[in-house]
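# Coordinate inspection notes
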Amino acid sequence: MEVIKYQGTANILDVAVKVATVLKKGGVVIYPTETTYGIAAAALSPKAVRKIYAIKGRAFNKPLSVMVNGLAMAEKYVEITEAAKNIFATLLPGPLTLILKKKKIVPDSLTGGSATLGLRWPAYPLVQRLLDEYGLPITATSANPAGEPPLYEVSNITEKFGAVPLSLIDLVIDAGPLPHQLPSTVLDLTINPPTILREGPVSSERITAVLGCSIK
């Protein structure tokens, strides 16, 4: 398991290229986001996605969300509603996950057999650069064992995971301690009214103002 220090603008391109190379080979990367450390793999590769489930000890019927680099990429994998367009135009990029109906190109291994997919467009510069370099969605799940709190330091992550999970991780991007932000707000746009499944940094008031309707 290789560890690389992320130094912001000084090495953002080198780090993004390195991560993209690992992902293209089916590898797994621990990486910083605007909320917590996450675990990245090629979201469209069932083999790579299975590694994520093994690392986290996560049940296979629990879906994973993905990171995209904007509306154009999102449209390839989910059905974009008018509400989603408004959210993309006003609240994204940012710490908000949208639940939308997936397209057939999205493997069931990623969604636990569900017909929906969680989608994130992050504001974190490294993740944005990585997505531009890689050109495809990556998994957006926190780097912690299933059911445990999110982690904000690489040292905590390596302590929490056992030897077997750690052996499945190819690369760690260490950005130092991250601010203790809440995980992203999760908004389900496939049901009426739209429903917040997890409270997070983006408030219900902001979402209501954008959508112009009540939400649960």
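Before any of the text, the structure's been laid out above.
So, a few notes on the structure that sits alongside this text. (Residues numbered from 1 in each chain as written. Predicted model: local features only at pLDDT ≥ 70, side-chain atom pairs only at ≥ 80, totals over all residues. Heavy atoms only, no water.)

### A few points about the pattern of salt bridges
Pairing between side chains of opposite charge can happen when the charged atoms of each approach one another. Tallying each qualifying case throughout the model produces six salt bridges. Lysine 102 serves as the salt-bridge partner of aspartate 108, at 2.5 Å between the closest nitrogen and oxygen. (Salt bridge = Lys/Arg side-chain N within 4 Å of Asp/Glu carboxyl O.)

### Section: helix α2 (residues 46–56)
Residues of α2 that are buried include every one of Ala48, Val49, Ile52, Tyr53, Ile55 and Lys56, and no others. An end-on view of α2 places all buried positions within 165° of arc, on one side of the element. (Buried < 20%, exposed > 50% of the residue type's maximum accessible area, 1.4 Å probe, protein only. Helix = DSSP H or I, 4+ residues; strand = E, 2+ residues; numbered from the N terminus. Arc of directions from axis to C-beta.)

### Notes on the pairing of strand β2 (residues 29–32)
Burial of β2 is two-sided: the residues Val29 and Tyr31 facing one way and the residues Ile30 and Pro32 facing the other way are all buried. As judged from the four bridges shared by β2 and strand β3 (residues 37–40), these two strands associate in the antiparallel manner. Paired with isoleucine 30 across the bridge in β3 is isoleucine 39. Between β2 and β3, which pair antiparallel and follow one another directly, the connecting turn spans four residues. With two bridges joining them, β2 and strand β9 (residues 171–174) adopt parallel strand pairing. When the bridges of β9 are listed, valine 29 appears paired with leucine 171. (Pairing = 2+ DSSP bridges.)

### Remarks on the packing of helix α1 (residues 12–24) against helix α6 (residues 125–134)
A pair of packed helices can be characterised by two numbers: the angle between their axes and the separation between those axes. At a minimum axis separation of 8 Å, α1 and α6 run at an interaxial angle of 50°. The angle between α1 and α6 falls in the class oblique. When the axes of α1 and α6 are compared, the crossing they make is right-handed. Residues Ile12, Leu13, Val15, Ala16, Val17, Val19, Ala20, Leu23 and Lys24 of α1 form the contact with α6, whose own contacting residues are Pro125, Leu126, Arg129, Leu130, Glu133 and Tyr134. (Axes fitted to C-alpha atoms, helices over the stretch in contact; angles between N-to-C directions. Parallel < 35°, antiparallel > 145°, perpendicular 65-115°, else oblique. Left-handed = near helix turned anticlockwise from the far one by under 90°. Contact = heavy atoms within 4.5 Å.)

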